[in-house]
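Given next are the chains, with one letter for each unit.
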Amino acid sequence: MIGRVKYSLVFFFFVFLFVGGLHSEDWTHFTCIENPRAVTVDPYRPGLVWFATSGGLAKYHTTEESWKVYTNSEGLSKIWCRSVLVDEDCLWVGTENEGANRFDRETERLTPFIQDIINPYAPRRTVNCFADDDQNLWVGTDEGALCVDKESLEIIEEITVDDGLSTNWVFSIIAEPEYIWFAATFAGGYIPEFPPDVGGLSRYERATGDVRTFRAGEGPYINWFWAMIDDGDDLWLGSDRGLYAFSKNSLTFTQVLCDSIRSVFSLAVEKDTLWCGSRRKIFKIDTGRREILETYDTAEAPYGEVYSLSLDDEYVWVAVHGCINVIDRRQHTVERVQTPFLPERTVYALAHKDGFAYIGAQSQLVQVDIERMTILNRDITQGALGPPISSTIHCLAFDGDYLWIGKNSGLKKFNIHSMEVEESYLEEPYSESASVRCIVLEDPFLWLGTINGFVRLDKRNGERVFFRYPELDGPWTSDILSDGEHLWIGSRSGLFRFDKNTQDLEKITDVRVEALCDDGEYVWFGSAQLKRMEKESLVITTYTTPRDIRDMTMYHGYLWVATHEGAFLFDTARDTVVRHYTEEGHVTHNWVNCVHLTDTHVWLGSYGGASALDLSSVAFEPSKGDVNGDGRLDVTDVVIAVNIILGTRMPTPEQFWAADYNDDGAVDIRDVVLMVCAMIGG
């Protein structure tokens, strides 16, 4: 009987794997695609170029000059993409740590694979490359090479170091009728357990299954091969020590142009020429004479590694670490491609006024039209905040026509009409000046939390009073609440109550506090977990929630909470988490730094950009079966319920309540059956 139940569950998992949820929420994502890892000119759709980027799978239409980005809202397993291969009816997209995806051209949806379906919390693989092989797909990962059936998406074969592969970090694959070639290196960092002499070129013989490895020589990093391409006669390999040609007949390496070209990260070939991407330079090489024909410097690349190259008749498309370049092959010029997306990815601060949202994308302030949900201006300050390193935006606060901008090195007063910075504060080279982490408006003062305590700034004359107490022990101030005669101070050394009149500081708790919120009767504060303190009695209640809280805001009895495990919606009336938003279909990155409410949307800023959720699409009442609190009942909830039954998952009280579908006080197979029936409307 137990065996029949087990196999029935497996049947349910696969039959209903692609069943849609019961509730659909409307997300808009603002991500950065200017850190592309791979680029491919579409051979089946003239005029299309595809980019695997840190902000998702990006499509550029060259004739229309239009962009479209596909993220987790379209099913992408993770927006940090590393590789892309174009087929006639689909694309294959590899991600960082979250396996691979099949992109259907017709539906424009992505289906993840190379994942552990039974245990969704198992580690996924980083997918570095693909090679097409008729009915099968060869996939290079950080755990070896895989052969995948393109129809069923099942793994047919796996080749690792145990089979003779030079190393498990496979960066390039070439599939031939008799052999499969693997170029491999190590990409995990320079650490002792991975010595610099690993890597090499491996050949898998289809008929026998034998694997043979070839090495270019002995010495540090010589065999770290990042790229490989076939010109018909030779294999060309890009390594940490330059460019190599490998003869498939003699099975020997020859180093090419070693005095002119050092590190090689990417290759592209046509006729008798080879395009070679290095660090800040791109070379065009005659493969017969083995000499450099042309050299190009990358345009406005902040970092410069040329990760990928792809050719069409007019251009060379270049994926550079930090931006996208294009080489005009007729004019022999190189330009940076401007994109209508976030200029930088990490978002720490959000604000809004008069129908516009303002996103603090690291050192640039981005303006968004809320009604159309489109970016109007990628940097309204036009660089006036200062150098990027010292100008990361940490907080924003509107005061009439002015926007106060707290950044890594001080405070700016910005006029949103004239688009000018009118005044600067805390930027003098004093010991008190520091990074501003929060702003509280209380006319005629501003209260500022900094990494050196907290400051009262008089807006009328710029007079500043610095408050530094031994009890603050840091004295990093993360957040401030103003409540009549008191300030509530959240810091890395605890929660404090500050009397504005006497300037006495009282310590309430020594738990690190990153975020504060006030509902009148209680102060809600976030640290490792969500806590609530009654103002009169100072009694503190702790809740089991996603951990590492960074920001929160109140909405009609609900708390929207930003954490480094995603974001969640907390019902303060029932003291329960009713939604949990993660990278799987919701936010662009699990490290959510800030949350902000407009009349129509809740905005979340993360390490993956900004995401806006239409509040009208959110069902605020929790429902049975929604175990992960994402607003829908689907196969993920069933899997979590099964793991609870098997004892491999310890549920929170909210998860147990949702998984106990029949309310009998236990989570068992009957609950799972009822959940599956509900999914299909039975």
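This is a predicted model, so every value here is computed, not measured.

Q: Would you mind showing me how to read the packing of helix 2 (residues 635-646) against helix 4 (residues 669-679) here?
A: Helix packing for two helices is described by the angle between their axes and how far apart those axes are. It is the contact of helix 2 with helix 4, at a shortest axis distance of 10 Å, that shows an interaxial angle of 175°. One element, helix 2, and the other, helix 4, form an angle in the roughly antiparallel class. Mapping the contact onto sequence places Val635, Asp637, Val638, Ala641, Val642 and Ile645 in helix 2 and Ile669, Val672, Met675, Val676 and Met679 in helix 4. Classifying every residue of the contact of helix 2 with helix 4 gives 10 nonpolar, no polar and 1 charged.

Q: I keep staring at the packing of aromatic side chains and nothing clicks. Help me out?
A: Tallied over the entire structure, the rule returns 44 aromatic pairs. Aromatic side chains Tyr543 and Phe570 sit 5.1 Å apart centroid to centroid with 65° between the ring planes, which places their arrangement in the edge-to-face category. Residue Tyr543 is located in the loop between strand 49 (540-542) and strand 50 (549-555), and its partner Phe570 is located in strand 52 (residues 566-571); the two are separated by 27 residues in the primary sequence. Accessibility expressed as a relative area gives 9% for Tyr543, which makes it buried. In this structure an aromatic cluster arises from ring pairing among Tyr179, Trp181, Phe214, Phe225, Tyr244, Phe246 and Phe253.

Q: Would you take a moment to explain the sheet that holds strand 17 (residues 211-214) for this structure?
A: As a general point, the strands of a sheet are linked pairwise by backbone hydrogen bonds and lie either parallel or antiparallel. The strand order 14-15-16-17 describes an open sheet built from 4 strands, whose pairing is antiparallel. The open sheet is flanked by strand 14 (169-175) and strand 17, the only strands paired with a single partner. For this sheet the average axis-to-axis angle between neighbouring strands, irrespective of direction, equals 25°. As defined by bridge partners, strand 14 adjoins strand 15 (residues 179-185) across 6 bridges and the pair is classed as antiparallel. Paired with Ile174 across the two strands is Trp181, which belongs to strand 15.

Q: Teacher, can you tell me more about the confidence of the model for the protein chain here?
A: Counting all residues, the mean pLDDT for the protein chain is 89, and 91% of those residues have values of 70 or more. Taken together, the stretch residues 1-23 has pLDDT below 50 and engages in 30 contacts with residues farther than four places along the chain or on a different chain. Counting interchain partners and residues more than four positions distant, the pLDDT-below-50 stretch residues 188-192 has 4 contacts.

About the cut-offs
Residues numbered from 1 in each chain as written. Predicted model: local features only at pLDDT ≥ 70, side-chain atom pairs only at ≥ 80, totals over all residues. Heavy atoms only, no water. Axes fitted to C-alpha atoms, helices over the stretch in contact; angles between N-to-C directions. Helix = DSSP H or I, 4+ residues; strand = E, 2+ residues; numbered from the N terminus. Parallel < 35°, antiparallel > 145°, perpendicular 65-115°, else oblique. Contact = heavy atoms within 4.5 Å. Nonpolar A, V, L, I, M, F, W, Y, C, P; charged D, E, K, R; others polar. Phe/Tyr/Trp six-rings, centres within 6.5 Å; stacked < 30°, edge-to-face > 60°. Buried < 20%, exposed > 50% of the residue type's maximum accessible area, 1.4 Å probe, protein only. Pairing = 2+ DSSP bridges. pLDDT = per-residue confidence, 0-100.

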